[in-house]
Amino acid sequence: MPVISRGFRGRRGEGPSDRIPPGQHRVDDFPVLSAGPTPHTPLEQWTFTIESGAEPVTWTWDEFRALPREEVTVDIHCVTKWSKLDTVWEGVSLDTLLGHVEHDASYLVAFCDGGYTTNLPLEHVTDGKAWVAYGYDGEPLEPEHGGPARLLVPHLYFWKSAKWIRGFRLQDEDEPGFWESNGYHLLGDPWQEQRYWGD
Ligand SMILES: Nc1nc2c(c(=O)[nH]1)N[C@H]1C(S)=C(S)[C@@H](COP(=O)(O)O)O[C@H]1N2
Ligand SMILES: [Mo]
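Per chain, the residues get numbers from 1 upward, laid out in the order the sequence is written. All chains are assigned letters beginning at A, and all ligands numbers beginning at 1, according to the order in which they are written. For a predicted model such as this one, the threshold for reporting local features is a pLDDT of at least 70, and the threshold for listing and counting side-chain atom pairs is 80 or more; totals across whole chains, interfaces and linings nevertheless cover every residue. Just so you know, side-chain values use all the structure's heavy atoms and leave hydrogens and water out.

Novice: Explain the site of ligand 1 to me, using residue names and the numbers behind them.
Specialist: One heavy atom within 4 Å of a molecule or strand is enough for the residue carrying it to be called near that molecule or strand. Among the 20 residues in the neighbourhood of ligand 1, the closest are listed as Pro 31, Ala 35, His 145, Arg 150 and Lys 163. We define a polar contact as two N or O atoms separated by no more than 3.5 Å, with the added condition that, inside protein, one atom must be a possible hydrogen donor and the other a possible acceptor, whereas residues neighbouring each other in sequence contribute only through side-chain atom pairs. The contact in question runs from an oxygen atom of ligand 1 to an N or O atom on the backbone of Leu 33, over 2.9 Å. The contact in question runs from an oxygen atom of ligand 1 to an N or O atom on the side chain of Arg 150, over 2.7 Å. Looking at the shell around ligand 1 residue by residue, the class counts come to 14 nonpolar, 3 polar and 3 charged. Classes in brief: Ala, Val, Leu, Ile, Met, Phe, Trp, Tyr, Cys and Pro nonpolar; Asp, Glu, Lys and Arg charged; the others, Gly included, polar.

Right, here's the structure in full:
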């Protein structure tokens, strides 16, 4: 017999209202949304780099995989209105990564294979709010979903979770990324429905 948790309506496309932000509906599949082709960078050539005012800090794939890892179960919310509950990821916390850098920046711009970028305030990616994930549902992250590694910032709309991430740049000023330069909100909090400029 299926277990229906308290407050769960159970009808297709609906979910517990305390977990589905306004204007969103629940999906059980995992849609793929990419603005361009899926890059396939060989792991021997893959690096992850944090750029700041000082010397950049870079990890190879093996070094990155040796960093302390976390498994997290989180809900994700795409601005195209689907939400997916209880997704399970494995990766490295941004707290761990930023612990390797001395800086007094307030923002970052994530950069990716393929040229995608997205901007985030550091207070929205620290204290256990963001990861660079390389595992999904107990398996290596599939290329279509951003493998070998993607950013995971589940409390903001999923366009912030940059696929095929290769690093980020720490800076003093907020600088719009790819979608943010094309009309999407600078922050993107789904609970505030911050979809577009002016929301
Ligand atoms: N590099 C890159 N990252 C990206 C995108 C993209 O086009 N390129 N699309 C974003 C958007 S709009 C969403 S909703 C999610 C989709 O992730 P998924 O394909 O794993 O569902 O990735 C985000 N990260
Ligand atoms: Mo999206």
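Novice: I'd like to hear about the environment of Gly 53, residue by residue, with values.
Specialist: Only DSSP runs of H or I covering at least 4 residues are called helices, and only runs of E covering at least 2 are called strands; the numbering of each starts at the N terminus. Among the secondary structure elements, Gly 53 is positioned in the loop between strand E2 (47–51) and strand E3 (57–60). By relative accessible area, Gly 53 is classed as exposed at 85%. Residues Gly 53 and Glu 139 lie 86 residues apart in sequence; the distance between their C-alpha atoms is 36 Å. Note on exposure labels: buried denotes an accessible area under 20% of the residue type's maximum, exposed denotes more than 50%, and partly exposed covers the range between, all computed with a 1.4 Å probe on protein chains only.

Novice: Can you tell me about a negative patch on the surface, naming the residues and giving the values?
Specialist: Patch construction takes residues with relative accessible area above 30% that form no salt bridge. Like charges are linked within 9 Å, and nonpolar side chains (Val, Leu, Ile, Met, Phe, Trp, Tyr) are linked within 5 Å. Residue-level accessible areas treat just the shown protein chains as cover; the underlying method is Shrake-Rupley with a 1.4 Å probe. In what follows, salt bridge is the name for a side-chain nitrogen of Lys or Arg lying within 4 Å of a carboxyl oxygen of Asp or Glu. Residues scored as charged are limited to Lys and Arg (positive) and Asp and Glu (negative), so that His and the chain ends carry no count. In this description, the location of a charge corresponds to atom NZ of lysine, CZ of arginine, CG of aspartate or CD of glutamate. Negative charge collects at one region of the surface, where Asp 137, Glu 139, Glu 142 and Glu 144 lie side by side. The residue Glu 142 is located in the loop between strand E9 (139–140) and strand E10 (150–152) in this model. Exposure remark for Glu 142: the relative accessible area of 48% places this residue in the partly exposed category.

Novice: So, the nonpolar core: which residues are in play, and what are the values?
Specialist: Ranked by size, the top nonpolar core spans 36 residues in total, and within it Phe 48, Phe 64, Leu 94, Leu 97 and Phe 168 carry the most contacts. Among the secondary structure elements, those contributing two or more residues to this core are E2, helix H1 (61–65), helix H2 (94–98), strand E6 (107–112), strand E8 (131–136) and strand E11 (165–171). Throughout this description, the term nonpolar core refers to a set of buried Ala, Val, Leu, Ile, Met, Phe, Trp, Tyr and Cys residues connected via side-chain atoms within 4.5 Å. If you look at the next biggest cluster of nonpolar residues, it comprises 14 residues, including Phe 30, Val 72, Trp 131 and Ala 133.

Novice: Go over the pattern of salt bridges, please, and point to the residues and values.
Specialist: It is possible for side chains of opposite charge to pair when their charged atoms get near one another. Applying the stated criterion across every chain yields a total of 8 salt bridges. In this structure, Arg 195 and Glu 193 form a salt bridge, with 2.9 Å as the shortest nitrogen-oxygen distance. With a relative accessible area of 5%, Arg 195 lands in the buried category. Each of Arg 19, Asp 75 and Asp 86 takes part in salt bridges that share partners, so that together they form one network.

Novice: Which residues make up the packing of aromatic side chains, and what values do they have?
Specialist: Here a pair means two rings of Phe, Tyr or Trp (six-membered ring of Trp) with centres within 6.5 Å. Their orientation is stacked below 30 degrees between planes, edge-to-face above 60, and tilted elsewhere. One pass over the full model with this rule turns up 21 aromatic pairs. Ring geometry for Phe 48 versus Trp 59: centroids 6.4 Å apart, planes at 50 degrees, classification tilted. Taken together, the residues Phe 48 in strand E2 and Trp 59 in strand E3 connect sequence positions 11 residues apart. In this structure, Phe 48 and Trp 59 share a single accessibility class: buried. Only when the NZ atom of a Lys or the CZ atom of an Arg is both within 6 Å of the ring centre and within 35 degrees of the ring normal do we say a charge sits over the ring. One residue, Arg 65, lies across the ring of Tyr 134, its end atom 3.9 Å from the ring centre.

Novice: Give me the sheet that holds E6: which residues, what numbers.
Specialist: One requirement defines pairing of two strands: DSSP has to find at least two bridges between them. With respect to topology, 5 strands assemble into an open sheet ordered E3-E2-E11-E6-E7, the strand pairing being mixed. Edge strands, defined here as strands with exactly one partner in the open sheet, are E3 and strand E7 (117–121). For this sheet the average axis-to-axis angle between neighbouring strands, irrespective of direction, equals 15 degrees. By the bridge criterion, 4 bridges tie E2 to E3 in an arrangement that is antiparallel. Of the residues in E3, the one forming a bridge with Phe 48 is Trp 59. Inter-axis angles, ranging from 0 to 180 degrees, are taken between N-to-C directions of lines fitted to C-alpha atoms, where helices are fitted over the stretch in contact.

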